[in-house]
There are 2 protein chains.
Amino acid sequence: MAMEKIRVCVVGYGNVGKEAIECIRQAPDMELAGVVRRRPENPGLDCPVVASVDELGKVDVAVLTAPSRQIPEIAPQYLKKGINTVDSFDIHGDPLMALRSDLGKCAKEHGSVAVISAGWDPGTDSVIRMLFQAMAPRGITYTNFGPGMSMGHTVAVKAIPGVKNALSMTLPAGFGTHKRDVYVELEEGADFDKVAEAIKKDPYFVKDETRVTKVSNVMEVEAMGHGVLLQRFGAAGTAENQVLELKMRLTNPSATAQVMVAAARASTRMAPGCYTLPEVPPVALVAGDIDEILKHSV
Amino acid sequence: MAMEKIRVCVVGYGNVGKEAIECIRQAPDMELAGVVRRRPENPGLDCPVVASVDELGKVDVAVLTAPSRQIPEIAPQYLKKGINTVDSFDIHGDPLMALRSDLGKCAKEHGSVAVISAGWDPGTDSVIRMLFQAMAPRGITYTNFGPGMSMGHTVAVKAIPGVKNALSMTLPAGFGTHKRDVYVELEEGADFDKVAEAIKKDPYFVKDETRVTKVSNVMEVEAMGHGVLLQRFGAAGTAENQVLELKMRLTNPSATAQVMVAAARASTRMAPGCYTLPEVPPVALVAGDIDEILKHSV
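What you see as residue numbers is a count from 1 along each chain, following the sequence as written. The lettering of chains begins at A and the numbering of ligands begins at 1, in the order of writing. At least 70 in pLDDT is required for a residue's local features to be given in this predicted model, at least 80 for side-chain atom pairs to be given and counted, and no such filter applies to totals for whole chains, interfaces and linings, which use all residues. Calculation of side-chain values draws on the structure's entire complement of heavy atoms; hydrogens and water are dropped beforehand.

1. Focus: the pairing of strand 9 (residues 163–174) of chain A
All names here are of chain A.
Thinking step 1. Judged from the two bridges that link them, strand 8 (residues 148–149) and strand 9 form a sheet pairing that is antiparallel. Each bridged residue has a counterpart across the sheet, and for G148 the counterpart in strand 9 is T170.
Thinking step 2. Pairing between two strands is assigned when DSSP locates at least 2 bridges connecting them. Here a helix means four or more residues in a row that DSSP labels H or I, a strand means two or more in a row labelled E, and each is numbered from the N terminus. Sheet topology note: the strand 9/strand 10 (residues 177–186) ladder contains ten bridges and is antiparallel. By the bridge assignment, L171 is partnered in strand 10 with K179.

2. Quick word on the packing of aromatic side chains
Residue and element names in this part refer to chain A.
Thinking step 1. Pairing of aromatic rings covers Phe, Tyr and the six-membered ring of Trp, with a centre-to-centre limit of 6.5 Å; geometry is then stacked below 30 degrees between planes, edge-to-face above 60, and tilted otherwise. The final tally for this structure, using the stated rule, is eight aromatic pairs over all chains.
Thinking step 2. Ring geometry for W120 versus F145: centroids 6.2 Å apart, planes at 65°, classification edge-to-face. In this pair, W120 sits in the loop between strand 6 (113–116) and helix 4 (124–135) while F145 sits in strand 7 (residues 138–145), placing the two residues 25 residues apart along the sequence.
Thinking step 3. Joined through ring pairs, the aromatic side chains of Y142, F175 and F233 make up one cluster.

3. Overview of the interface of chain A and chain B
Thinking step 1. Any two residues whose heavy atoms approach within 4.5 Å are treated as being in contact. The partner chain B presents 62 residues to the 62 residues of chain A that form the contact.
Thinking step 2. Area buried by chain A at its contact with chain B is led by M130, M135 and V298 of chain A, which between them contribute 14% of it.
Thinking step 3. For this document, the term salt bridge refers to a Lys or Arg side-chain nitrogen within 4 Å of an Asp or Glu carboxyl oxygen. In this structure, the connection of chain A to chain B is made through four salt bridges.
Thinking step 4. With its nearest N and O atoms 3.0 Å apart, the salt bridge here joins K295 of chain A to D94 of chain B. Once two parts are brought into contact, the accessible area they lose, counted with a 1.4 Å probe and summed over both, makes up the buried area.

4. Focus: the relation of the copies chain A and chain B
Thinking step 1. The copies were overlaid with a least-squares fit restricted to C-alpha atoms from residues scoring a pLDDT of at least 70 in each copy. When chain A is brought onto chain B, the operation consists of a screw motion whose angular component is 180° and whose axial shift is 0.0 Å, with 0.0 Å RMSD remaining. Here the transformation between the copies is reduced to the relation of a two-fold axis.
Thinking step 2. Both copies contact each other with a shared surface, as 100% of the interface residues of chain A are interface residues in chain B too.

5. A short note on the pairing of strand 2 (residues 30–36) of chain B
Residue and element names in this part refer to chain B.
Thinking step 1. Counting buried residues in strand 2 gives six out of seven residues, a clear majority hidden from the surface.
Thinking step 2. Strand direction decides the pairing type here: strand 1 (residues 6–11) and strand 2, joined by six bridges, are parallel. Note on strand 2: the bridge partner recorded for R7 is E31.
Thinking step 3. Looking down the strands as they point away from the viewer, one classifies a crossover as right-handed if the path from the first strand across the helix to the second runs clockwise. Of the crossover connections in this fold, the one passing from strand 1 over helix 1 (residues 15–26) to the parallel strand 2 is right-handed.
Thinking step 4. Judged from the two bridges that link them, strand 2 and strand 3 (residues 49–50) form a sheet pairing that is parallel. Its bridge partner lying in strand 3, V35 is registered against V49. A simple rule labels every residue: compare its accessible area, found with a 1.4 Å probe on the protein chains alone, to the largest value its type can have, and call it buried under 20%, exposed over 50%, or partly exposed in between.

6. Remarks on the nonpolar core
Thinking step 1. C9 and Y78 of chain A together with C9 and Y78 of chain B are the most contacted members of the largest nonpolar core, which totals 164 residues.
Thinking step 2. For C9 of chain A, the residues in contact, after removing those within four places along its chain, are A33, G34, V36, V53, L56, V59, V61, A62, V63 and Y78 of chain A. Within this scheme, the nonpolar core is defined by two criteria: the residues are buried Ala, Val, Leu, Ile, Met, Phe, Trp, Tyr or Cys, and they are joined through side-chain atoms within 4.5 Å.

7. What to know about the packing of helix 3 (residues 94–110) of chain A against helix 8 (residues 290–297) of chain B
Thinking step 1. Here an axis means a line fitted to C-alpha atoms, over the contact stretch when the element is a helix, while the angle between two N-to-C directions is reported on a 0 to 180 degree scale. Look at helix 3 of chain A against helix 8 of chain B: their axes get within 8 Å of each other, and the N-to-C directions meet at 130°. The orientation of helix 3 of chain A relative to helix 8 of chain B falls into the category oblique. Here helix 3 of chain A and helix 8 of chain B pass one another in a crossing that is right-handed. Judged by residue contacts, D94, M97 and R100 of chain A of helix 3 of chain A engage D291, L294 and K295 of chain B from helix 8 of chain B.
Thinking step 2. Under the scheme applied, nonpolar residues are Ala, Val, Leu, Ile, Met, Phe, Trp, Tyr, Cys and Pro; charged residues are Asp, Glu, Lys and Arg; polar residues are all the others, including Gly. Per-class residue counts for the contact of helix 3 of chain A with helix 8 of chain B are two nonpolar, no polar and four charged. Roughly parallel refers to an angle under 35 degrees, roughly antiparallel to one over 145, roughly perpendicular to one between 65 and 115, and oblique to any angle outside these ranges. A clockwise turn of the near helix away from the far one marks a right-handed crossing, whereas an anticlockwise turn of less than a right angle marks a left-handed crossing.

8. Structural notes on the sheet that holds strand 13 (residues 239–251) of chain B
Two orientations exist for strands paired in a sheet by backbone hydrogen bonds: parallel and antiparallel.
Thinking step 1. Read across the sheet, six strands follow the order 7(A)-12(A)-13(A)-13(B)-12(B)-7(B) without closing on themselves; strand pairing throughout is antiparallel. Two strands close off the open sheet at either side, each with one partner strand: strand 7 of chain A together with strand 7 (138–145) of chain B. The sheet shows a mean angle of 10° between the axes of neighbouring strands, direction not considered.
Thinking step 2. Note that strand 13 (residues 239–251) of chain A and strand 13 of chain B share seven bridges and pair antiparallel.

Next up, the structure:
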């Protein structure tokens, strides 16, 4: 008996949206229902591109690739229709917990599932940090990012007067500290020294060692590679020296999109409600029959 | 309001059992109910050491540190009393799936929970292999163990005539292959060359490059350190080069015991049934209020 495929739509068509389409196409248990965009122009895709999910027929899950700030408004629109949602909401702490509570209420009321903050950090890194804590409950975990582009820092630089285009790289400086490496393309007549000073005084940069470099074309230094090194120097029982490390080198939009698509699958295996990734049983993220996965992978 | 502590007993008093006692004592949300041993002699512990769990009053979870082969017989005795169980059953494939099915039926019938194969491999490594697969669904994962002592291989060597004591180390040889480094203490009059030949012909060793060394005292080379390097060379979406690595250096019995104790905690947060570690939401393994953990660690 052929399994019915999970019908997934992608909301948004930026770097992550484009990759999500590719990840869904490669998933053996999924079918791309279409793409939802504010302006429903089809950029040459062989799937429906629409302004409203209502035009796509049955949809099981919506992968929301919109910016974090828009998620609290967008997600309920889908959950209310009984469509599961996945996002990569990355505003840690209170906003994340508020989203979990709000979407949880909405999802339970409408029999749908929301999986939130399902990227690689927050997301799979959060899961690994918890596993590390469970394995070595005493100790310290360091999260070291990069080298790789920081979206938030790049946007902050672009907002500074005189900056035409920019790129901010996050460089790991050891044990959870980071340096910033900023490349700027200036508007005509802008003063580089003033721009550099404004960047270093910006709240995004003021606490970190920051180097600013002028380039004629930001495109030449822009790349989507990223990485992380999670280290826990911990202890368990009488063992004082349990050392746990996760090291990843990733193409950033592909990694984010793939975790979201795996979370979309998991959403179809959960009871109505809202979940962060550490609340989802890891086996639910993997394609295939759960007994078969466990038999071959435990 | 003080939370009621989870009352946990440890079944068995070997290397892992001793460490489990220590891990429970260090857990802020647990209380050691006592130790169950076949011969209930108290080796100087300041807790009850008994032959039957019935002598320990209320017990929520039993951490079963008995050998894998005894688990299918021991676990139901506890599950039938409504006591959750945790084991580190390590016979992969069909035996593991049979255990999951049998304990699942028993646990559901009696309103209890079994978490099986909850060590570091199988166990947390299984979880990480699944996360890696979810993040990069195309690709290959290599599990590289060691350097560290292999219990199974050590027992196999000890069974060879002429061997008084032995230690078999697992050495990583790259990309999922391993070498064996065997240290033997001979019985008087035993022929080293014959013993070495018998070891190399043993089914445990016949496929791997094996070095045998004679020592006067195995105790001098025995240590409980172990390690693993999990590597996935994978791809997601259009990104062909997603590289994921987990590297751990562990004191083996402490790591096993600590994962079991974390699983004991998780068992109190699950619906009746039997679960492998990838079926358990990772947050359930960590001590504390789940909302608080998520707020600070996602």
